2 protein chains.
Amino acid sequence: MSSTAESAPAGQSEALWSVEEHVEDILAAIRPLDPIELPLPDAQGCVLVEDVVVPVSLPPFDNSSMDGYAVRTADLSGATPEFPAVLTVVGDVAAGSGPLPEVGPGQAARIMTGAPLPPGAEAVVPVEWTDGGAGGGAVATMLPAGEGADGASGEVRVHRPAGPRAHVRGAGSDVQAGDLALEAGTVLGPPQIALLAAIGRGTVRVRPRPRVVVLSTGSELVQPGEELAEGQIYDSNSFALAAAARDAGAIAYRVGAVADDPDTLRSTIEDQLVRADLLVTTGGVSVGAYDVVKAALSSVGDEDEPGSGIDFRKLAMQPGKPQGFGSIGPAHTPLLALPGNPVSSYVSFELFARPAIRAMMGATEVHRPVVRARLAAGKPVSSPAGRRQFLRGRYDAATGEAAPVGGAGSHLVAALAHADCLIVVPEETTSVEPGTELDVVLLG
Amino acid sequence: MSSTAESAPAGQSEALWSVEEHVEDILAAIRPLDPIELPLPDAQGCVLVEDVVVPVSLPPFDNSSMDGYAVRTADLSGATPEFPAVLTVVGDVAAGSGPLPEVGPGQAARIMTGAPLPPGAEAVVPVEWTDGGAGGGAVATMLPAGEGADGASGEVRVHRPAGPRAHVRGAGSDVQAGDLALEAGTVLGPPQIALLAAIGRGTVRVRPRPRVVVLSTGSELVQPGEELAEGQIYDSNSFALAAAARDAGAIAYRVGAVADDPDTLRSTIEDQLVRADLLVTTGGVSVGAYDVVKAALSSVGDEDEPGSGIDFRKLAMQPGKPQGFGSIGPAHTPLLALPGNPVSSYVSFELFARPAIRAMMGATEVHRPVVRARLAAGKPVSSPAGRRQFLRGRYDAATGEAAPVGGAGSHLVAALAHADCLIVVPEETTSVEPGTELDVVLLG
């Protein structure tokens with residue numbers, strides 16, 4: 001609340017907040033959701049809130065890295081294909097099988113990849129270095145277990161010597177008990193879930209996905225698939241922003257097209273509070289006589305409760321000038337009131353709602369990546385003085401250029417659908433020459 | 001099936017397939033899933049299979065881009081703050097409101113953003129250019145509708161002239177009926193969903209998300225959260241690969257840890273066929289005597305049915321040498337049999353299963369992005385001759401370098417969890433000097 005706009009008397013031109021001021025105010029008010037213990041599959045994409053320490057070393061025991069024979073190295077001294085070491089096979093060691101055979105001098109145990117090294121054995125020779133117990137030349141595979149002369153007994157001829165620990169993965173060679181496996185703040189993708197499962201974690205402490213209720217307002221709105229009457233348009237915001245909320249990592253609930261009546265809107269919002277960590281409305285935030293969100297929410301705050309209520313302001317940006325933000329209801333659920341034009345609401349969501357969702361998830365980086373790129377355009381691009389313009393564009397990483405798509409009109413949803421970035425024209429700039437380097441927000 | 005390995009007699013060293021040969025064989029056999037009509041919210045992330053044509057122009061009618069007054073331009077000629085044009089307000093036009101007032105000479109209608117331009121009016125003046133009907137100076141906002149002297153009647157003073165069509169968004173200025181809105185092959189993200197909703201599409205024809213059943217095998221496997229007995233380890237593959245399948249866009253079903261028994265495995269897989277567009281197994285594909293997947297699936301094909309059955313082969317890669325691929329069951333459901341080591345299975349999934357899933361979704365680009373990066377390492381990195389090595393690494397876009405994480409051992413799941421790329425060492429290379437430029441697969 002650092003602007004002087006609040007004190008501007010009605011009827012006079014108001015000062016505008018900057019984009020940064022608005023983002024800062026939102027992020028200062030948003031708190032990460034309380035952590036919960038989730039089953040591993042449900043924690044995908046969530047942020048870890050605990051330092052996870054390895055409870056048991058991996059692998060938990062010395063084991064074979066090959067299919068072959070567990071041997072004593074002294075028995076193989078000088079072995080060659082012509083003069084192989086002949087060992088007595090004392091049994092089979094498969095991963096997860098029962099008691100281990102003891103390997104004595106002159107003996108070997110057939111062993112599978114991942115199976116524990118049996119007592120007495122010092123190394124493993126791959127099956128390809130042996131006759132596989134078949135009495136012939138070197139083999140490429142083992143005979144299946146349990147099929148007649150299957151190689152788990154009798155003799156095996158080994159054609160090469162092996163050093164101590166050859167083809168043995170030592171206990172703890174991956175991670176040691178007590179090591180830090182993953183630190184708090186890690187986002188859990190598939191490889192992190194692999195590690196957590198491997199060290200035996202069935203559940204993990206994370207911040208949950210925020211539940212975001214998206215609500216569009218406007219008596220002119222009709223649901224897609226229905227017939228348009230005179231003066232009506234289709235509701236696109238509730239679909240687009242619910243999708244964008246999901247894309248940001250949230251669980252999104254869509255409430256389409258509440259009519260322009262403050263009482264209906266207020267009661268609809270109150271009904272939704274039970275399932276909302278964040279409310280996002282679109283429309284009704286401007287200076288019009290029917291701006292229902294403003295009318296309904298300007299007075300929702302408890303006056304005795306600091307920080308409650310919704311604050312409406314104008315930002316020095318295009319599109320997306322009128323914006324509202326605050327909290328509502330007994331739990332002070334945060335609410336973002338975005339403008340109603342589809343492109344304005346989408347750009348506003350990217351700049352304000354997405355960082356709020358990411359912050360609730362506990363992400364350290366809440367903003368979209370920003371790169372510098374040269375403007376690709378046939379002629380200078382104009383921009384309003386004193387407003388930061390977010391042009392929809394296409395970014396080409398190979399050339400380092402970004403080209404505007406469609407015009408600057410905030411209603412060009414067709415152009416938005418073909419854009420993959422927002423080209424940022426600073427407040428003080430009114431005309432940008434082609435080739436000028438600008439910030440570009442990558443929409444991923 | 002272009003390798004000569006198939007004809008290599010058992011007991012001799014087999015030829016190896018290349019990574020490309022295996023990928024090509026898989027993609028040649030995978031077909032995109034049949035398209036279905038999905039409600040818009042369910043189509044997020046899916047690939048469109050129809051060219052979507054705009055059924056009705058957007059906006060569907062001339063409408064106001066500002067809150068203000070709809071006027072006839074001749075009435076404002078020469079208007080200034082000192083000598084304003086005084087117009088009779090004949091009514092209110094809000095978005096979605098009923099019949100429109102006719103604006104005659106000397107008249108104005110109060111109009112809200114998005115509302116249809118009423119008959120007779122030629123332009124809109126923003127409320128900030130007027131006294132808002134209050135009889136005073138310029139105002140910043142409108143009075144709310146329906147509250148006493150609310151500005152929807154009486155007189156309004158306009159302080160500036162306006163040209164024809166000023167602050168009017170023309171019908172069809174966003175998209176015209178008959179235009180191509182989105183072409184087949186487009187991936188539906190939030191902005192594309194915005195456009196589809198805006199043009200009234202409640203459902204859309206897309207390829208559905210593939211249902212992928214992930215199944216780990218191994219008698220030694222215990223579910224995370226349970227106690228490990230002697231010789232046991234935790235099942236991580238079913239968790240990691242189900243997460244990776246989800247990450248690729250699939251609906252994933254996890255079947256954890258089937259014991260090493262061919263009959264059990266075969267019946268488990270048969271049970272899962274009903275909900276699988278793709279099956280992914282891990283473990284049991286090598287040369288060992290207990291390699292159950294190989295034992296169970298080598299003979300599943302219908303001999304009269306060309307292309308059915310699972311083919312097991314060795315690839316010239318590390319990790320991930322043993323691989324199986326084919327189809328199973330009456331619907332010839334594709335099945336990928338990946339190795340059982342956690343890192344091998346994850347790398348194999350990235351290289352083979354992810355492209356298969358993306359191809360089933362109808363994506364045009366099925367592979368992870370590959371960039372060139374310089375090897376960041378304190379000493380040369382060694383690599384086995386004749387094998388393409390995929391080192392787990394961290395990529396730094398700012399420096400264009402990639403540094404290996406952990407060692408080359410295929411069991412280092414801890415290192416995998418800290419990697420964000422795979423550094424590719426070509427088959428013929430046995431040692432890589434620091435600074436050498438290599439392909440790097442970005443894991444996103």
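Residues numbered from 1 in each chain as written. Chains lettered and ligands numbered in written order. Predicted model: local features only at pLDDT ≥ 70, side-chain atom pairs only at ≥ 80, totals over all residues. Heavy atoms only, no water.

**Some thoughts on the overall build of chain A**
Each helix and strand counted, chain A has seven helices and 28 strands in total. The C-alpha radius of gyration of chain A comes to 33 Å, more than 25% above the 22 Å expected for a compact globule of 444 residues. Expressed as lengths along the three principal axes of its C-alpha atoms, the size of chain A is roughly 100 × 55 × 45 Å. With 444 residues in all, chain A has 55% of them scored as buried. Contacts spanning at least 24 positions in sequence make up 70% of the contacts within chain A whose residues lie at least 6 apart. Surface exposure of chain A reaches about 17,300 Å², of which carbon and sulfur atoms provide 50%. (Helix = DSSP H or I, 4+ residues; strand = E, 2+ residues; numbered from the N terminus. Rg over C-alpha atoms; globule rule 2.2 N^0.38 Å. Buried < 20%, exposed > 50% of the residue type's maximum accessible area, 1.4 Å probe, protein only. Contact = heavy atoms within 4.5 Å. Areas by Shrake-Rupley, 256 points an atom, 1.4 Å probe, with all protein chains shown as cover.)

**Let's talk about the packing of aromatic side chains**
Under the definition given, this model contains zero aromatic pairs over all chains. Positioned above the aromatic ring of W17 of chain A is the side chain of R313 of chain A, whose terminal nitrogen or guanidinium carbon lies 4.2 Å from the ring centre. (Phe/Tyr/Trp six-rings, centres within 6.5 Å; stacked < 30°, edge-to-face > 60°. Lys NZ or Arg CZ within 6 Å of the ring centre and 35° of its normal.)

**What about the interface of chain A and chain B?**
When the parts of a complex come together, some accessible area is lost, and that lost area is often taken as the interface size. Counting residues at the interface gives 81 residues for chain A and 81 residues for chain B. Where chain A touches chain B, the interface holds zero salt bridges. At the boundary of chain A and chain B, one finds 14 residue pairs in polar contact (both at pLDDT 80 or more). The element best represented in the side of chain A that touches chain B is helix α2 (residues 190–198) of chain A, accounting for eight residues. For the side of chain A that touches chain B, the residue count by class is 47 nonpolar, 20 polar and 14 charged. (Salt bridge = Lys/Arg side-chain N within 4 Å of Asp/Glu carboxyl O. Polar contact = N/O pair within 3.5 Å; in protein donor to acceptor, adjacent residues only side chain to side chain. Nonpolar A, V, L, I, M, F, W, Y, C, P; charged D, E, K, R; others polar.)

**Brief notes about helix α6 (residues 342–360) of chain A**
All names here are of chain A. The largest bend in α6 amounts to roughly 45° and is located at F349. Counted residue by residue, α6 has 17 buried out of 19 residues, so it is predominantly covered. A distance of 2.9 Å separates the backbone nitrogen of V343 from a side-chain oxygen at the start of α6, and that oxygen is part of N341. Remark: G362 follows α6 within two positions and exhibits a positive phi of approximately 85°. (Bend = angle between axes of the 7 residues up to and from the residue.)

**Some words on the environment of G106 of chain A**
Residues and elements named next belong to chain A. Here G106 is to be found in the loop between β6 (85–93) and β7 (107–111). Exposure remark for G106: the relative accessible area of 26% places this residue in the partly exposed category. Each C-alpha atom of the pair G106 and I357 lies 66 Å from the other, and the pair is 251 residues apart in sequence. Apart from residues lying up to four places away in sequence, G106 is in contact with D75, V86, L87 and T88.

**Description of the sheet that holds strand β12 (residues 203–207) of chain B**
Residue and element names in this part refer to chain B. If you trace the three strands from one edge of the open sheet to the other, you get β1-β12-β2, paired in antiparallel fashion. This sheet does not close on itself; its edge strands, each paired only once, are β1 (36–39) and β2 (47–48). Note: β1 against β12, four bridges, orientation antiparallel. In the strand pairing of β12, L38 is matched with V204. (Pairing = 2+ DSSP bridges.)

**So, the pattern of salt bridges**
When charged atoms on two side chains of opposite charge get close, those side chains can pair. Under the counting rule described, the total for this entry stands at 39 salt bridges over all chains. Here D277 of chain A and R211 of chain A are joined by a salt bridge, their closest N and O atoms 2.9 Å apart. Here D277 of chain A, found in the loop between α4 (262–272) and β17 (278–282), pairs with R211 of chain A, found in strand β13 (residues 211–217); they are 66 residues apart in sequence, far enough to count as distant. The residue E37 of chain B makes a salt bridge to R205 of chain B at a minimum N-O spacing of 3.8 Å. Here the residue E37 of chain B occupies a position in strand β1, and R205 of chain B occupies one in strand β12, the gap between them amounting to 168 residues.

**Some thoughts on unusual backbone geometry**
A cis amide bond links Q318 of chain A with the next residue in sequence, P319 of chain A, at an omega value of -5°. In this model, L58 of chain B is joined to P59 of chain B through a cis peptide bond whose omega is -15°. Mapping P59 of chain B onto the fold places it in the loop between β3 (52–53) and β4 (63–64). With a phi close to 70°, R165 of chain A is a non-glycine residue in the positive phi region. Its location among the elements puts R165 of chain A in the loop between β9 (155–158) and β10 (168–169). Although it is not a glycine, H167 of chain B sits at a positive phi angle of roughly 60°. Examined against the element boundaries, H167 of chain B turns out to sit in the loop between β9 (155–158) and β10 (168–169).

**Focus on α4 of chain A**
All names here are of chain A. Listed in full, the buried residues belonging to α4 are L265, T268, I269 and Q272. Each buried residue of α4 sits inside an arc of 95° when the element is viewed along its axis, so together they form one side. Exposed residues lying more than 90 degrees from the buried face of α4 are D263 and D271. Packed against the buried residues of α4 are β13, β16 (251–258), β17, α5 (292–297), β20 (322–328) and β21 (333–338). (Arc of directions from axis to C-beta.)

**A short note on the pairing of β13 of chain A**
For a regular strand, side chains alternate in direction, first toward one face of the sheet and then toward the other. Residue and element names in this part refer to chain A. The buried fraction of β13 amounts to six of the seven residues, a majority that puts the element mostly inside the structure. In the sheet, β13 pairs with β16 via six bridges, with the strands oriented parallel. The partner of R211 across the bridge, within β16, is I251. Sheet topology places β13 next to β17; five bridges connect them, and they run parallel. The residue bridging L215 from the neighbouring strand is T281, located in β17.

**Let's talk about the relation of the copies chain A and chain B**
With an RMSD of 0.0 Å, the operation that places chain A on chain B is a rotation of 180° combined with a shift of 0.0 Å along the axis. The operation mapping one copy onto its partner corresponds to a two-fold rotation axis. Within chain A, the C-alpha atom positioned nearest to the axis of rotation is that of G444 of chain A, 5.5 Å from it. (Least-squares fit on C-alpha atoms with pLDDT ≥ 70 in both.)

**Remarks on the pairing of strand β21 (residues 333–338) of chain B**
Residues and elements named next belong to chain B. Within β21, six of the six residues are buried, which leaves the element mostly enclosed by the surrounding structure. Across four bridges, the pairing between strand β17 (residues 278–282) and β21 is parallel. Within the sheet, the bridge partner assigned to L279 lies in β21 and is L335. Here strand β20 (residues 322–328) pairs with β21 via five bridges, running antiparallel. Of the residues in β21, the one forming a bridge with F325 is L336.

**Structural notes on the domain arrangement of chain A**
According to the domain assignment, chain A consists of domain 1 (5–33 + 208–360), domain 2 (48–58 + 174–207), domain 3 (59–173) and domain 4 (370–442). Each of domain 3 of chain A and domain 4 of chain A has a C-alpha centre, and these two points are 66 Å apart. (Domains from an automatic or database assignment.)

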